[in-house]
Amino acid sequence: MKKTFKLHVEGKNSDRLLDAIKHEVRKYVKREKRKTLPQGANYWAFDCKFGVTAETAETLHLGEITKQMDAISKSGGDSFYVEVLARAAVRTPRERDDSIDDYDEDLDD
């Protein structure tokens, strides 16, 4: 999804329009997550960009997009650009931290 959303449309409430935009982005993410994963992948990762325009868009985490939308809306912006692209990825297990085990042993004493 690569799209520029307008926050001020004649005849529409800006707050409801912002809610509709958030809903559309969430719906896209859910739809992409439902797709079958290719062989060797175990989850869908999302590459996201957000900015006032496509040229000034910066990379950020998927969970930060709605916060940025709220910030643009509160600052009085007219529009913003959202890019959310799904890619298949492989999640690797975290390395075990031995200091956690030492902490648990101290509690047993």
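For the structure itself, look to the data block above.
Residues numbered from 1 in each chain as written. Predicted model: local features only at pLDDT ≥ 70, side-chain atom pairs only at ≥ 80, totals over all residues. Heavy atoms only, no water.

Asks: Where do I start with the pattern of salt bridges in this structure?
Replies: As a working rule, side chains carrying opposite charge can pair if their charged atoms are close by. For the structure shown, the criterion picks out 5 salt bridges. Between lysine 22 and aspartate 70 there is a salt bridge, with the nearest N and O atoms lying 2.6 Å from each other. Taken together, the residues span a long stretch of sequence, with lysine 22 in helix H1 (residues 14–34) and aspartate 70 in helix H2 (residues 65–74) at a distance of 48 residues. For lysine 22, a relative accessible area of 12% translates into the label buried. (Salt bridge = Lys/Arg side-chain N within 4 Å of Asp/Glu carboxyl O. Helix = DSSP H or I, 4+ residues; strand = E, 2+ residues; numbered from the N terminus. Buried < 20%, exposed > 50% of the residue type's maximum accessible area, 1.4 Å probe, protein only.)

Asks: Is there a simple way to think about a positive patch on the surface in this case?
Replies: Together, Arg26, Lys27, Lys30, Arg31 and Arg34 line one region of the surface with positive charge. Among the structural elements, lysine 30 can be located in helix H1. (Patch = residues over 30% accessible without salt bridge, like charges linked within 9 Å, V, L, I, M, F, W, Y side chains within 5 Å. Areas by Shrake-Rupley, 256 points an atom, 1.4 Å probe, with all protein chains shown as cover. Lys, Arg positive; Asp, Glu negative; His and termini not counted. Charge placed at Lys NZ, Arg CZ, Asp CG, Glu CD.)

Asks: Is there a simple way to think about the packing of aromatic side chains in this case?
Replies: For any two aromatic rings, the description comes down to two numbers: the centre-to-centre distance and the angle of the planes. On inspection of all chains with the given rule, the structure shows 2 aromatic pairs. With centroids separated by 5.9 Å and ring planes inclined at 45°, the aromatic side chains of phenylalanine 5 and phenylalanine 80 adopt a geometry described as tilted. Note that phenylalanine 5 is positioned in strand S1 (residues 2–6) and phenylalanine 80 in strand S4 (residues 79–89), a separation of 75 residues in sequence. The exposure class of phenylalanine 80 is buried, given its relative accessible area of 0%. With a centroid separation of 5.2 Å and 35° between ring planes, the pair formed by phenylalanine 50 and phenylalanine 80 is classed as tilted. With phenylalanine 50 in strand S2 (residues 43–51) and phenylalanine 80 in strand S4, this pair connects stretches of sequence that are 30 residues apart. Here phenylalanine 50 and phenylalanine 80 have matching classes, each one buried. Chaining the aromatic ring pairs together yields one cluster made of Phe5, Phe50 and Phe80. (Phe/Tyr/Trp six-rings, centres within 6.5 Å; stacked < 30°, edge-to-face > 60°.)

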